[in-house]
Number of protein chains: 2
Amino acid sequence: MTVKAPSESVTQRVERQLRSDILTLALPPGSRLSEQDIGSRYGSSRQPGREALIALSKSRLVEILPQRGAVIAKISVAKLMQAAFVREAIETAVIRSACSSFHFHARTRLEDCLKAQERAVESGDRAEFRRYDDLFHRTLADGAGLMMAWTVVEDLKAHIDRACCLSLGKGDALRKLLAEHKAIVAALDARDSHAAEAAMKSHLSELLQDLPTLEAAHPDIFE
Amino acid sequence: MTVKAPSESVTQRVERQLRSDILTLALPPGSRLSEQDIGSRYGSSRQPGREALIALSKSRLVEILPQRGAVIAKISVAKLMQAAFVREAIETAVIRSACSSFHFHARTRLEDCLKAQERAVESGDRAEFRRYDDLFHRTLADGAGLMMAWTVVEDLKAHIDRACCLSLGKGDALRKLLAEHKAIVAALDARDSHAAEAAMKSHLSELLQDLPTLEAAHPDIFE
DNA sequence: TCGTATGAAATTGTATGGAAGTGACGACAT
DNA sequence: ATGTCGTCACTTCCATACAATTTCATACGA
């Protein structure tokens with residue numbers, strides 16, 4: 001007997017594709033979009049397009065102008081800094097909490113993430129690396145019994161990720177991120193909450209280093 | 001010449017009313033709702049009802065069962081604890097940041113909040129007190145230049161507030177909360193980030209004190 | 001030349017019709 | 001007694017029709 005695959009609804013698919021196109025900058029910030037545009041772009045009627053726009057406007061990726069249309073949000077340095085601030089506040093708290101109690105099974109999944117990232121570094125596959133970066137942070141929250149923290153961070157992360165898409169990413173950037181992950185896990189294993197928090201903090205701030213450079217290089221898509 | 005009042009759309013009104021009815025427990029957790037129900041309850045067609053349900057499902061106040069309907073989320077102790085954890089992580093970080101830099105004008109608005117809450121305590125108006133409690137915390141974030149932090153907290157707070165509606169609230173509870181607000185402001189004025197963080201922490205944990213009692217008293221609406 | 005009306009086009013906001021999914025219930029066979 | 005199947009009511013999900021609003025261009029008049 002086959003388990004029923006809970007197939008994705010049209011709205012979910014459109015939302016996922018639109019989000020992806022926004023995050024990868026396939027749809028450049030500042031673009032104007034109508035519900036109709038979205039619908040025909042992804043092969044649906046207005047309704048799924050409308051619901052996707054509403055959903056993404058909740059995480060501030062698009063701005064809905066009442067009665068007029070929607071615009072892909074420009075990358076705002078202020079929003080970026082605030083998102084990073086809140087993310088850091090949450091993730092440092094999570095890692096601290098993880099140091100006092102962490103699910104055994106999650107620990108082995110962390111190991112899997114590290115291994116997968118190791119492979120991604122070798123093959124230079126940035127997308128793969130990023131997938132497991134997400135999973136790494138999610139697993140930390142899960143192991144600490146704080147999945148809600150991850151759902152909040154996930155939303156904030158979207159803004160940060162969009163900026164990361166611009167970053168050229170020198171060859172050894174991934175290697176550095178991986179080393180930071182390993183430092184976090186090491187501190188977690190040692191139940192050293194101060195070290196873990198510090199490692200997490202420096203890991204997260206990593207991403208904002210070359211923000212000024214990026215803004216100078218792409219003035220049109222910044223606010 | 002009068003400024004045009006940007007009148008509320010039907011969807012917004014329905015969403016606001018539904019949210020309010022959920023938070024005040026006028027709609028008890030566990031109730032099943034259809035788009036049609038919402039529409040006729042608040043005098044609209046199914047569409048605004050649908051969009052309101054979708055919106056509230058994002059903040060996990062209702063759970064949408066695909067092809068079947070929606071239910072008002074039950075109060076979950078686990079979700080409540082996680083929401084409180086994340087809120088504390090964010091708000092303590094905000095108050096710490098506020099201690100290093102805080103907008104002058106926001107400081108006077110804090111004073112207004114305290115005064116208004118003083119009056120609310122005198123008249124015993126809990127709703128009024130709560131309104132200014134929100135404004136107090138929002139103003140802290142605003143003054144620190146971290147409004148995004150407040151938008152995140154606001155969503156988490158919904159779950160906490162719903163539980164607070166159950167709490168009988170002894171007469172001097174408000175007085176205690178007000179005193180805590182004053183302690184936070186005092187520490188902020190002194191730029192004493194450790195004291196401010198501690199004051200905020202104890203203020204937020206205040207709300208969860210009698211959670212076990214509540215759960216025992218209302219087993220039906222807990223998960 | 002400039003400001004103002006007017007009207008068409010585009011867009012969202014709202015309502016409604018219809019297809020398809022889900023679970024409940026009972027008839028019926030085993 | 002139990003399990004399988006068909007029917008039925010209910011609901012969402014998606015498409016589409018209609019109404020309301022905004023914008024833009026254009027024409028007109030001072």
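Where an unreviewed UniProt entry is consulted, chain A appears under the name GntR family transcriptional regulator, with the organism given as Rhizobium lemnae.

## Things to note about the pattern of salt bridges
All names here are of chain A. On inspection of all chains with the given rule, the structure shows 37 salt bridges over all chains. Here Lys 157 and Asp 134 are joined by a salt bridge, their closest N and O atoms 2.7 Å apart. Note that Lys 157 is positioned in helix α7 (residues 147-166) and Asp 134 in helix α6 (residues 126-143), a separation of 23 residues in sequence. A relative accessible area of 3% places Lys 157 in the buried class.

## Here's the deal with the environment of B:Arg46
Residue and element names in this part refer to chain B. Summarising the element assignment, Arg 46 is placed in helix α3 (residues 46-58). As a C-alpha pair, Arg 46 and Ser 34 span 12 residues in sequence and 8.8 Å in three-dimensional space. Leave out the neighbours within four places in its chain, and Arg 46 touches Glu 35 and Gln 36.

## Looking at the protein's contact with DNA strand D
Neighbouring DNA strand D are 20 residues, the closest being A:Val10, A:Thr11, A:Ser45, B:Glu35 and B:Arg46. Only α1 (10-23) and α3 (46-58) of chain A together with α3 of chain B provide two or more residues apiece to the surface near DNA strand D. Sorting elements by how many residues they give to the surface near DNA strand D places α3(A) first, with 3 residues.

## Considerations on the interface of chain B and chain A
Residue-level contacts link 26 residues of chain B with 26 residues of chain A. Interface area for chain B against chain A, summed over the two sides, is near 2000 Å², with a carbon-plus-sulfur share of 70%. Applying the counting rule to chain B against chain A returns 2 salt bridges. Along the contact surface separating chain B from chain A lie 9 residue pairs in polar contact (both at pLDDT 80 or more). Counting only elements with at least two residues in the side of chain B that touches chain A, the list comes to α3, α4 (77-100) and α7 (147-164) of chain B. With 10 residues, α4(B) is the largest single contributor of residues to the side of chain B that touches chain A. Residues belonging to the side of chain B that touches chain A are distributed by class as follows: 15 nonpolar, 5 polar and 6 charged.

## A look at empty space enclosed by the protein
The probe, sized like a water molecule, is rolled over the atoms to show the empty space still left. By the definition in use, this model includes 4 cavities of 30 Å³ or more. Considering only enclosed or pocket space, the largest cavity measures out at about 60 Å³ in volume. Listed by contribution, the elements that provide at least two residues to the lining of the largest cavity are α7 and α10 (211-217) of chain B. Here the residues of the lining of the largest cavity are counted per class, giving 8 nonpolar, 1 polar and 1 charged. By volume, the second largest cavity amounts to about 50 Å³. Counting residues per element, the ones that place at least two in the lining of the second largest cavity are α4 (77-100) and α7 of chain A. Per-class residue counts for the lining of the second largest cavity are 2 nonpolar, 2 polar and 3 charged.

## A closer look at α7(B)
An α-helical segment advances 3.6 residues per turn. Residues three or four places apart therefore align on the same side. Residues and elements named next belong to chain B. Compared with the 26 Å implied by 1.5 Å per residue over 18 residues, the 24 Å span of α7 between its first and last C-alpha is a close match. Along α7, the sharpest change in direction is near 35° and occurs at Lys 157. With 14 of 18 residues buried, α7 is to be regarded as a mostly interior element.

## A few points about the UniProt feature "domain: HTH gntR-type" (unreviewed entry) in chain A
UniProt annotation of "domain: HTH gntR-type" (unreviewed entry) refers to residues 8-75 of chain A when read in the numbering used here. Span residues 8-75 of chain A is 51% helix and 15% strand, its end C-alpha atoms 30 Å apart.

## Here we look at the side chain of A:Ser167
All names here are of chain A. On the secondary structure map, Ser 167 appears in the loop between α7 and α8 (173-189). A relative accessible area of 19% means that Ser 167 is categorised as buried. Not counting residues up to four positions away in its chain, the partners in contact with Ser 167 are Arg 126 and Leu 214.

## Thoughts on the sheet that holds strand β2 (residues 62-65) of chain B
Residues and elements named next belong to chain B. Spatial ordering of the open sheet is given by β1-β3-β2, a layout of 3 strands whose pairing is antiparallel. Where the open sheet ends on each side, the last strands, each with one partner, are β1 (32-33) and β2. Where β2 lies against strand β3 (residues 69-72), 4 bridges are found, and the strand directions are antiparallel. Paired with Glu 63 across the strands is Val 71, a residue of β3.

Criteria and thresholds
Residues numbered from 1 in each chain as written. Chains lettered and ligands numbered in written order. Predicted model: local features only at pLDDT ≥ 70, side-chain atom pairs only at ≥ 80, totals over all residues. Heavy atoms only, no water. Salt bridge = Lys/Arg side-chain N within 4 Å of Asp/Glu carboxyl O. Helix = DSSP H or I, 4+ residues; strand = E, 2+ residues; numbered from the N terminus. Buried < 20%, exposed > 50% of the residue type's maximum accessible area, 1.4 Å probe, protein only. Contact = heavy atoms within 4.5 Å. Near = heavy atom within 4 Å. Buried area = accessible area lost by both parts, 1.4 Å probe. Polar contact = N/O pair within 3.5 Å; in protein donor to acceptor, adjacent residues only side chain to side chain. Nonpolar A, V, L, I, M, F, W, Y, C, P; charged D, E, K, R; others polar. 1 Å grid on protein atoms, 1.4 Å probe; cavity = no way out; pocket = protein on both sides within 12 Å on 5 of 7 lines; lining within 4 Å. Points joined across faces, edges and corners; volume = space filled by probe spheres on them. Expected span 1.5 Å × (residues − 1). Bend = angle between axes of the 7 residues up to and from the residue. UniProt positions renumbered as here; feature names shortened; annotations may be inferred. Pairing = 2+ DSSP bridges.

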